[in-house]
Amino acid sequence: NKHSELAPLEDDLLLAIDSDTKQILRYENDNASSKIMFHSGDTFKEHSQVEIRFDLLDCHIDICSQEMLAAIADNYDYKDLRRDYIHNEVQNKELGYKIFAHELNSPTAYAAKVQCFRTYAAISRDVLHRWLYPLVPDNNWTFGTDSTSFKVSYGNGFIYRENDVIVARSS
């Protein structure tokens, strides 16, 4: 599973999602939690089709309304946005906030977050192995404010080198 390399080892995401609207009904990301409990049958009355998903990767990309940002600011005592705030708010029906998921289904779509050395290594490997094309080193991006450009070429075995570099045979 590709997601297993991109997810930190401590992540154990389990979601309950409305199949039609993609509203997140339950958000569990705790290694100690191995089940989702619905405290009443109201969830199934309100949502005719519910998917239980454990194969998704949370890329930590959030699009929030101004009301949601204000609510997050008011709840400053939460240590972790996902494990605390989102976990609690998807179950809180009193305020009427709804949180939705978007799944990247296209084979050309890619999203991930560097959270530790393991995820950095996996994302770097994906870049070098050209899974993120056209975001590859040999597309010769311009870096910095002085528009210094590096001309990089791609060779066999996923080898990238700057065009002006000469590698000795003895190296």
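Residues numbered from 1 in each chain as written. Predicted model: local features only at pLDDT ≥ 70, side-chain atom pairs only at ≥ 80, totals over all residues. Heavy atoms only, no water.

### Description of helix α5 (residues 117-128)
Taking 1.5 Å per residue as the helical rise, α5 with its 12 residues ought to reach 16 Å, and the 16 Å between its terminal C-alpha atoms agrees with that figure. Buried within α5 we find Thr119, Ala122, Ile123 and Asp126. Buried residues along α5 cover an arc of 95° about the axis, so they all sit on one side. Positive backbone phi, at 70°, marks arginine 130, one or two positions downstream of α5. (Helix = DSSP H or I, 4+ residues; strand = E, 2+ residues; numbered from the N terminus. Expected span 1.5 Å × (residues − 1). Buried < 20%, exposed > 50% of the residue type's maximum accessible area, 1.4 Å probe, protein only. Arc of directions from axis to C-beta.)

### A closer look at the side chain of glutamate 28
Among the structural elements, glutamate 28 can be located in strand β2 (residues 24-29). The class of glutamate 28 is buried, set by a relative accessible area of 8%. In this structure the side chain of glutamate 28 is engaged in a polar contact, spanning 3.0 Å, whose partner is the side chain of arginine 26. (Polar contact = N/O pair within 3.5 Å; in protein donor to acceptor, adjacent residues only side chain to side chain.)

### Concerning the pattern of salt bridges
Taken as a whole and judged by the stated rule, the model has six salt bridges. In this structure, glutamate 51 and arginine 53 form a salt bridge, with 3.2 Å as the shortest nitrogen-oxygen distance. A residue is classified by how much of its surface remains accessible, and glutamate 51, at 21% relative accessible area, is partly exposed. Classification of arginine 53 by relative accessible area gives buried; the value is 15%. Across the pair arginine 130 and aspartate 138 runs a salt bridge whose closest N-O atoms are separated by 2.8 Å. When its relative accessible area of 23% is taken as the criterion, arginine 130 is described as partly exposed. Through salt bridges with shared partners, one network takes in Lys22, Glu51, Arg53, Asp55 and Glu103. (Salt bridge = Lys/Arg side-chain N within 4 Å of Asp/Glu carboxyl O.)

### Regarding the confidence of the model for the protein
Averaged over every residue, the pLDDT of the protein is 79; the share at 70 or more is 82%. The secondary-structure element of the protein with the lowest mean pLDDT is strand β4 (residues 142-143), recorded at 60, while α5 shows the highest, at 91. (pLDDT = per-residue confidence, 0-100.)

### With respect to the packing of aromatic side chains
Both the distance between ring centres and the angle between the ring planes are used here to describe each pair of aromatic rings. Counting across every chain of the model gives three aromatic pairs. Between phenylalanine 117 and tyrosine 120, the aromatic rings sit 6.4 Å apart at their centres with planes inclined by 35°, giving tilted as the arrangement. Of the two residues, phenylalanine 117 and tyrosine 120 both sit in helix α5, three residues apart, roughly one turn of that helix. Of the residues examined, tyrosine 120 reaches a relative accessible area of 45% and is grouped as partly exposed. Ring centres of tyrosine 154 and phenylalanine 158 lie 6.4 Å apart, and the angle between their planes is 50°; this geometry places the pair in the tilted category. (Phe/Tyr/Trp six-rings, centres within 6.5 Å; stacked < 30°, edge-to-face > 60°.)

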